[in-house]
Amino acid sequence: MKTLMIATTTCLLLALTVKGQERKGEEFLLLSNTMNFNRANQFHYYNNESNILSLLYTKAINKESAWRIGVGIRDYSSYPSILSTQRNDTTFITEQYRSSTMPHLIAGKEWRKYLHKDVMIIGGVDIGLGAGSSDESTVESYIYQDVQSTRIYNDRDQGFSLYNNISPFTGVRVSWKRLSLGYQFSAMAQSTYISAGNSNTFDFDLSLKQSLSIGYRFNSNKPIKRR
């Protein structure tokens, strides 16, 4: 009887372990660079550029989905805002340039569809929230009788910025042993509040983004069992 109980318990533990392994999905640590795919659609007269470098960890829920958590840093430049005034034969031009560096937190969820045990199609949504430093530069020049002068004034003010985004995405991730490579396409809605000098600016834009990632795959030797 004792032997039977031990055997039964052992079989039950093995069954639970196998079931747990079947439910377990792969996990990744990813370094990603996100760039504009096209020119952003702006809701004011600034034209901006931004690049995002992020470190992301995917925590498996099961073999078909995972939580995404990480940190990123966004370099943001908006330029120029141009104000032109006419005085007699002279046109005065004022240009404002703004830039900021914003660390932020990232959280999201991804869903997976395996084409092969080492190739998956992914889709999901990420959100980001952060803050950082910013500065504003003001440059003035003038045009007299169609001859433009050299710039005559340059001033820089320091400030701060707030940032958030929501980003639905889709892409593909390919693995080879522990190495993982990925491409991701997203439609990002992002807002940026910048306070510098005597001015405050709120910018909202919609843009298409593309991301390239390289990373480390955990659990690379576990088979992916399909239903």
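Residues numbered from 1 in each chain as written. Predicted model: local features only at pLDDT ≥ 70, side-chain atom pairs only at ≥ 80, totals over all residues. Heavy atoms only, no water.

Turning our eyes to something else, we now look at the confidence of the model for the chain. Per-residue pLDDT for the chain has a mean of 78; in total, 72% of the residues score no lower than 70. Mean pLDDT values for the elements of the chain range from 43 in helix 1 (residues 2-23) up to 92 in strand 1 (residues 27-36). A low-confidence stretch, residues 1-9 stays under pLDDT 50, and its non-local contacts, those more than four residues away or across chains, total zero contacts. Across residues 11-23 the pLDDT falls below 50, and counting only partners more than four positions away or on other chains, this stretch makes seven contacts in the model. (pLDDT = per-residue confidence, 0-100. Helix = DSSP H or I, 4+ residues; strand = E, 2+ residues; numbered from the N terminus. Contact = heavy atoms within 4.5 Å.)

The subject of this paragraph is unusual backbone geometry. You will see that Lys177, though not glycine, has its phi angle at about 55°, which is positive. By the element assignment, Lys177 lies in the loop between strand 8 (153-176) and strand 9 (179-196).

Before going further, it helps to spend a moment on the environment of Arg173. In this fold, Arg173 is placed in strand 8. Residue classification places Arg173 among the buried positions, given a relative accessible area of 2%. Separated by 54 residues in the primary sequence, Arg173 and Val119 place their C-alpha atoms 5.9 Å from one another. In this structure Arg173 touches Phe28, Leu30, Arg68, Glu110, Arg112, Asp118, Val119, Met120, Ile122, Ser180, Leu181 and Gly182, once residues within four positions along its chain are discounted. (Buried < 20%, exposed > 50% of the residue type's maximum accessible area, 1.4 Å probe, protein only.)

A separate point is the side chain of Ser65. Within the secondary structure layout, Ser65 lies in strand 4 (residues 65-87). In this view, Ser65 contacts Ala60, Lys109, Glu110 and Trp111; residues no more than four positions away in its chain are not counted.

So, on to a nonpolar patch on the surface. Residues Leu29, Leu31, Leu53, Leu55, Val71, Ile73, Leu105, Trp176, Leu179, Leu181, Ile214 and Tyr216 make up a contiguous nonpolar surface patch of roughly 1,100 Å² in combined accessible area. Within the secondary structure, Leu53 is located in strand 3 (residues 47-62). (Patch = residues over 30% accessible without salt bridge, like charges linked within 9 Å, V, L, I, M, F, W, Y side chains within 5 Å. Areas by Shrake-Rupley, 256 points an atom, 1.4 Å probe, with all protein chains shown as cover. Salt bridge = Lys/Arg side-chain N within 4 Å of Asp/Glu carboxyl O.)

A word on the packing of aromatic side chains. When we look at a pair of aromatic rings, we describe it by the centre distance and by the angle of the planes. The full count for this structure, using the stated rule, is three aromatic pairs. The interplanar angle of 55° and the centroid separation of 6.2 Å between the aromatic rings of Phe160 and Tyr193 together place this pair among those described as tilted. Of the two residues, Phe160 sits in strand 8 while Tyr193 sits in strand 9, which places them 33 residues apart along the sequence. With relative accessibility at 41%, the residue Phe160 sits in the partly exposed group. For Tyr193, a relative accessible area of 28% corresponds to the partly exposed category. One residue, Lys109, lies across the ring of Trp67, its end atom 5.1 Å from the ring centre. Over the aromatic face of Phe28 sits the side chain of Arg173, whose NZ or CZ is 4.7 Å from the ring centroid. (Phe/Tyr/Trp six-rings, centres within 6.5 Å; stacked < 30°, edge-to-face > 60°. Lys NZ or Arg CZ within 6 Å of the ring centre and 35° of its normal.)

The next subject is the environment of Leu55. With respect to the helices and strands, Leu55 occurs in strand 3. The exposure class assigned to Leu55 is partly exposed, which follows from its relative accessible area of 42%. In this view, Leu55 contacts Leu29, Leu30, Leu31, Ile69, Gly70 and Val71; residues no more than four positions away in its chain are not counted.

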